Amino acid sequence: MLDDAFTYGGWVLGLIAVGVWIWLARRAFPSFESFVTGFDDELQLGASPEERARSARSARWRQVRQAAMALTAVAALCLSIGFAIPD
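Worth saying up front: this structure is predicted, and the values here are computed from it rather than measured.

1. A short note on the confidence of the model for the chain
Close inspection of predicted coordinates is inappropriate for parts of the model with low pLDDT.
Point 1. The predicted model of the chain averages 79 in pLDDT, with 77% of residues at 70 or higher.
Point 2. The spread of mean pLDDT over the elements of the chain runs between helix H2 (residues 32-40), the lowest at 65, and helix H1 (residues 2-28), the highest at 87.

2. Let's talk about the environment of Asp4
Point 1. On the secondary structure map, Asp4 appears in helix H1.
Point 2. Residue Asp4 is classed as partly exposed on the basis of its relative accessible area, which comes to 37%.

3. Notes on the side chain of Asp3
Point 1. With respect to the element layout, Asp3 can be found in helix H1.
Point 2. In this structure Asp3 is buried but unpaired, with Arg65 as the nearest side chain of opposite charge at 35 Å.
Point 3. At 3.3 Å, the side chain of Asp3 forms a polar contact with the backbone nitrogen of Met1.

4. Points about H1
Every α-helical turn comprises 3.6 residues, leaving residues that sit three or four positions apart pointing alike.
Point 1. In a regular helix each residue adds 1.5 Å, so 27 residues correspond to 39 Å; H1 covers 38 Å between its end C-alpha atoms and thus fits that length.
Point 2. Within the sequence span of H1, burial applies to Asp3, Thr7, Gly10, Ala17 and Leu24.

5. Section: a nonpolar patch on the surface
Point 1. On the surface, a nonpolar cluster with roughly 410 Å² of combined accessible area is contributed by Tyr8, Trp11 and Phe83.
Point 2. Tracing the sequence through the fold places Tyr8 in helix H1.
Point 3. Using a relative accessible area of 54% as the deciding quantity, one classes Tyr8 as exposed.

Definitions and cut-offs
Every chain's residues receive numbers from 1 upward, in the order its sequence appears when written. Selection of residues for local features in this predicted model requires a pLDDT of at least 70, selection of side-chain atom pairs for listing and counting requires 80 or more, and totals for whole chains, interfaces and linings are taken over all residues. Side-chain measures were taken over the full set of non-hydrogen atoms in the model, leaving aside hydrogen atoms and water. pLDDT gives the predictor's per-residue confidence on a scale running from 0 to 100. The secondary structure listing takes helices from DSSP runs of H or I that are at least 4 residues long and strands from runs of E that are at least 2 residues long, numbered from the N terminus. A simple rule labels every residue: compare its accessible area, found with a 1.4 Å probe on the protein chains alone, to the largest value its type can have, and call it buried under 20%, exposed over 50%, or partly exposed in between. As used throughout, the charge tally considers Lys and Arg to be positive and Asp and Glu to be negative, leaving His and the chain termini uncounted. Salt bridge, as applied in this entry: a Lys or Arg side-chain nitrogen positioned within 4 Å of an Asp or Glu carboxyl oxygen. Polar contacts here mean pairs of N or O atoms no more than 3.5 Å apart (in protein, one a potential hydrogen donor and the other a potential acceptor; neighbouring residues in sequence count only if both atoms are side-chain atoms). Take the residue count of a helix, subtract one, and multiply by 1.5 Å to get its expected span. Nonpolar side chains (Val, Leu, Ile, Met, Phe, Trp, Tyr) within 5 Å and like charges within 9 Å form the patches, drawn only from residues with over 30% relative accessible area and no salt bridge. Per-residue and other accessible areas follow the Shrake-Rupley method at a 1.4 Å probe size, with only the shown protein chains counted as cover for residues.

Below, the structure written as structure tokens:
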């Protein structure tokens, strides 16, 4: 019973993690305009408030990526425990 909970829970967490990674991959490719403007002012010395807000959004994306990595690690841990417990 306990091994099934870890195994199936790990599979569910793994599927959720895959969904998050796919969503992140789709959001990772910027449009051409944002790609070009990213090279205009790398140090943001002349950054407008809108550009600073965009920088804050990238910091939030970093947190989402960290959450996806943590979710993947927990899924792998649950699966390994579920498979290690004998039936």
